Amino acid sequence: MVQSMQESANQRAKLAWMDKRVDEVMADVHANGERFVSVDPVGSAQQSSTSITVSGTPWTDSGRTLADGTMISKNRNPDDNRLLVLTSPNQIPSIDGYSIQTVERLTSDVASFTYRPEIGDPEIAALRSAEMARIVGELHGINSTPLLADPVSVPVSPQETPSSDVIFGRSFGLSTLLGANATTSALYTPIHSEGAYRVARGVPGYQAHHLNQNAIYKNFGIPEPAGFSINIRGNALNEAGSPHYEAHASLEQWWNQYRRGGDKFGEVPTNGEVGEASRKSLVDAGLDPVEAQRVSDIARQQRINAGHAEAAPVPRIPGRVVQTPTSTVDETLWKTRRVATGLKWGGRALMAYGAAMDAASLYSEVQTSRRTGNYGNTVNETVRIAGGWSGAWAVGGAGAEFGAGFGLAFGPVGALVGGFAGGVVGGAIGYSMGSYAAQGIYADMRRW
């Protein structure tokens, strides 16, 4: 009993919705009826075995027939996706996915019906065909058979889940980029602690690193114990590959241009230029660029407070720091970082390819809309693409971050594999779900 009542309520709701849609289609047909119906009952048709010419337009056998065996013809122009049926004017054929575009009464016994595709909108196709049957009858005196006997049977969910090749083809580049970004983030070198040099030093395995280089400022308002410093891993002089060693190596390379034999020998950089070189050296050492900027801003404020304006020249150019590595560390870490960087560039290229595929798909829908005069398919494809990319970005990003974080427990390579796998799987799921959900929301908005 409860189930029967529920089914009855559902049927009433669907019938009410169909009544509303009929009113909308009626208004569209009456406003644009000349686009769909030829009001001139005079036409001409010439037919050979498989070719037909109707009012000067050539058609050929499509290989499809109606249920009663009547041939369905297609336009000889491959860019024109309309269909043609020659049959009795007393019966108006129904073709799934198509609605009637024009009708011509050729003789008392034959009428030509042309159909245009209604991509993504089967309910509108059926409604338009039913209303066309009535209007054709009025214009041509045809006692036509209604096509929409049971409106409840009309499908009302046009959204479709994209095929697997579409999902992976479009989302793979973005997924790869998201995986590479997540891996890079997971492998950033953390700052153990920060503060004045006298406080920051003394952590086993770490060394305090002056951000306002002691050799420059210690006698000019920023004494060594008070200099802002961060604790980063490794020995600056002999532990190649460690963050502290690589930070100094980057700074030394920058300073060499101002020393004897350098391109800028004789010039003096500004405090701001030195601060930027210091920030870049932290990024080169493997720190998160956001963190590097944050601590560099603190160091900049300390310089300003000590009377060193950003545009003023530095007090002195420091002597060389001689680095003689006795060991090399983090080789796998640096190799993994380089692979992740390569994947970023590859991901960008593949993302452009995926975007081009979607652009081509959208262009094809636009061309179809121009030929048929119906832009519902174009809007539906636009919604699908937007939903797919949004979903891929959100779910793919979350999957990549989870995978990289989980994989980091197994080392740098684990972070790379986890980030890539999480990005690809999450991106594919997100593209599929986003496309489907966006089309569903759009369909609901159109109905109500």
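Residues numbered from 1 in each chain as written. Predicted model: local features only at pLDDT ≥ 70, side-chain atom pairs only at ≥ 80, totals over all residues. Heavy atoms only, no water.

## Quick look at the overall build of the protein
Selection criterion: Think of it this way: any DSSP run of H or I at least four residues long counts as a helix, any run of E at least two long counts as a strand, and we number them from the N terminus. Only protein chains enter the accessibility calculation, which uses a 1.4 Å probe. A residue is then buried if its area is under 20% of the maximum for its type, exposed if over 50%, and partly exposed in between. Two residues form a contact once any of their heavy atoms are found within 4.5 Å. In these tables, accessible area is a Shrake-Rupley quantity obtained with a 1.4 Å probe, and a residue counts as shielded only by the protein chains included in the view.
Helix and strand content of the protein: twelve helices and twelve strands. In the protein, which comprises 448 residues, the share counted as buried stands at 44%. Within the protein, contacts between residues separated by at least 24 positions form 68% of all contacts whose residues are at least 6 apart in sequence. Accessible surface for the protein amounts to roughly 22100 Å². Of this, 57% is attributable to carbon and sulfur atoms.

## Some points on the packing of helix H7 (residues 243-255) against helix H8 (residues 271-284)
The criterion, for reference: Fitted lines through C-alpha atoms serve as axes, helices being fitted only where they are in contact, and the angles separating the N-to-C directions of these axes extend from 0 to 180 degrees. Oblique is the label for any angle not under 35 degrees, not over 145, and not in the 65 to 115 range, which are roughly parallel, roughly antiparallel and roughly perpendicular in turn. Helix crossings are classified by the rotation of the near helix relative to the far one: an anticlockwise turn of less than a right angle makes the crossing left-handed, while a clockwise turn makes it right-handed. Just so you know the grouping, Ala, Val, Leu, Ile, Met, Phe, Trp, Tyr, Cys and Pro go in nonpolar, Asp, Glu, Lys and Arg go in charged, and all remaining residues, Gly too, go in polar.
Across the interface, H7 lies against H8 with an axial gap of 8 Å and an inter-helix angle of 140°. It follows that H7 is oblique to H8 by the angle criterion. For the element pair H7 and H8, the recorded crossing hand is right-handed. Taken together, the residues of H8 that come into contact with H7 (itself represented by Glu-246, Ala-247, Ser-250, Leu-251, Trp-254 and Trp-255) are Glu-273, Val-274, Ala-277, Ser-278, Ser-281 and Asp-284. Partitioned by chemical class, the residues of the contact of H7 with H8 number six nonpolar, three polar and three charged.

## Some remarks on the packing of aromatic side chains
Convention followed: Here is the rule: rings of Phe, Tyr and Trp (six-membered ring for Trp) pair when centre to centre is within 6.5 Å. Planes less than 30 degrees apart are stacked, more than 60 are edge-to-face, and the remainder are tilted.
Tallying each qualifying case throughout the model produces seven aromatic pairs. Relative to Tyr-258, the ring of Trp-254 lies with its centre 5.2 Å away and its plane at 55°, an arrangement referred to as tilted. Taken together, a centroid distance of 6.5 Å and an interplanar angle of 75° make the contact between Trp-389 and Tyr-431 edge-to-face. With a gap of 42 residues between them, Trp-389 in helix H11 (residues 376-407) and Tyr-431 in helix H12 (residues 412-447) connect regions that are remote in the sequence. One aromatic cluster is present, built from ring pairs that chain together Trp-254, Trp-255 and Tyr-258.

## Comments concerning the packing of helix H10 (residues 331-372) against H11
Running from amino to carboxyl end, H10 crosses H11 at an angle of 165°, the nearest separation of the two axes being 8 Å. With respect to H11, the axis of H10 lies roughly antiparallel. Here the hand of the crossing between H10 and H11 comes out right-handed. Contacts between H10 and H11 involve Met-351, Gly-354, Ala-355, Asp-358, Ser-361, Leu-362, Glu-365, Val-366, Thr-368 and Ser-369 on the former and, on the latter, Asn-377, Thr-378, Glu-381, Thr-382, Arg-384, Ile-385 and Trp-389. Class assignment of the residues belonging to the contact of H10 with H11 gives a composition of six nonpolar, seven polar and four charged.

## Quick look at the sheet that holds strand S8 (residues 193-196)
Stated formally: Two strands qualify as a pair provided DSSP detects at least 2 bridges between them.
Within the open sheet, the three strands sit side by side as S8-S10-S9. Their pairing is antiparallel. Edge positions in the sheet fall to S8 and strand S9 (206-210), since each of these pairs with one other strand and no more. Neighbouring strand axes in the sheet, compared pairwise and without regard to direction, differ in orientation by 30° on average. Judged from the five bridges that link them, S9 and strand S10 (residues 228-233) form a sheet pairing that is antiparallel. From the neighbouring strand, His-210 faces S10, where its bridge partner is Ser-229. Against the sheet, helix H9 (residues 289-305) contacts S8 and S10, and its axis sits at roughly 150° relative to S10.

## Considerations on the nonpolar core
Let me state the cut-off plainly: Throughout this description, the term nonpolar core refers to a set of buried Ala, Val, Leu, Ile, Met, Phe, Trp, Tyr and Cys residues connected via side-chain atoms within 4.5 Å.
Counting twelve residues, the largest nonpolar core consists of Ile-191, Leu-211, Phe-228, Ile-230, Ile-232, Ala-247, Leu-282, Ala-285, Leu-287, Ala-292, Val-295 and Ala-299. The set of elements that each furnish at least two residues to this core consists of S10 and H9. Residues contacting Ala-247, with those up to four places away along its chain left out, are His-209, Ser-281 and Ala-285.

## A short note on H8
Because an α-helix packs 3.6 residues into every turn, residues spaced three or four apart end up facing the same way. Let me state the cut-off plainly: Under the convention used throughout, the expected extent of a helix is 1.5 Å for every residue step, that is, one less than its residue count.
The end-to-end C-alpha distance of H8 is 20 Å, a good match for the 20 Å that 14 residues give at a rise of 1.5 Å each. Considered for burial, the residues of H8 that qualify are Asn-271, Val-274, Gly-275, Ala-277, Ser-278, Arg-279, Ser-281 and Leu-282. Turning to H8, the residues buried within the fold contact S9, helix H6 (214-217), S10, H7 and H9.

## Considering the side chain of Ser-73
Structurally, the position occupied by Ser-73 is in strand S4 (residues 71-75). Accessibility expressed as a relative area gives 1% for Ser-73, which makes it buried.

## Concerning the pairing of strand S2 (residues 51-54)
With four bridges connecting them, S2 and strand S3 (residues 57-65) associate as antiparallel partners. From the neighbouring strand, Ser-51 faces S3, where its bridge partner is Thr-60. In this structure, the hairpin formed by S2 and S3 is closed by a connection of two residues, where Ser-55 is found at a positive phi of approximately 50°.

## Description of H9
As a reminder, the rule being used: Relevant arc is that of directions from the helix axis to the C-beta atoms, nothing else.
Look at H9: 24 Å from first C-alpha to last across 17 residues, which is about the 24 Å you get at 1.5 Å a residue. Turning to H9, its buried residues number three or more, namely Ala-292, Val-295, Ser-296, Ala-299, Gln-302 and Arg-303. For H9, the buried positions fall inside an angular range of 110° around the axis, keeping them on one side. Those residues of H9 that are exposed and angled more than 90 degrees off the buried face are Val-290 and Asn-305.

## With respect to the pattern of salt bridges
Note the cut-off: Salt bridge, as applied in this entry: a Lys or Arg side-chain nitrogen positioned within 4 Å of an Asp or Glu carboxyl oxygen.
Tallying each qualifying case throughout the model produces eleven salt bridges. The partner of Asp-358 in a salt bridge is Arg-170, with the nearest N and O atoms 2.3 Å apart. Here Arg-170 lies in helix H4 (residues 164-186) and Asp-358 lies in helix H10, a separation of 188 residues in the sequence. With respect to class, Asp-358 is no different from Arg-170; both count as buried. The residue Glu-291 makes a salt bridge to Arg-294 at a minimum N-O spacing of 2.9 Å.

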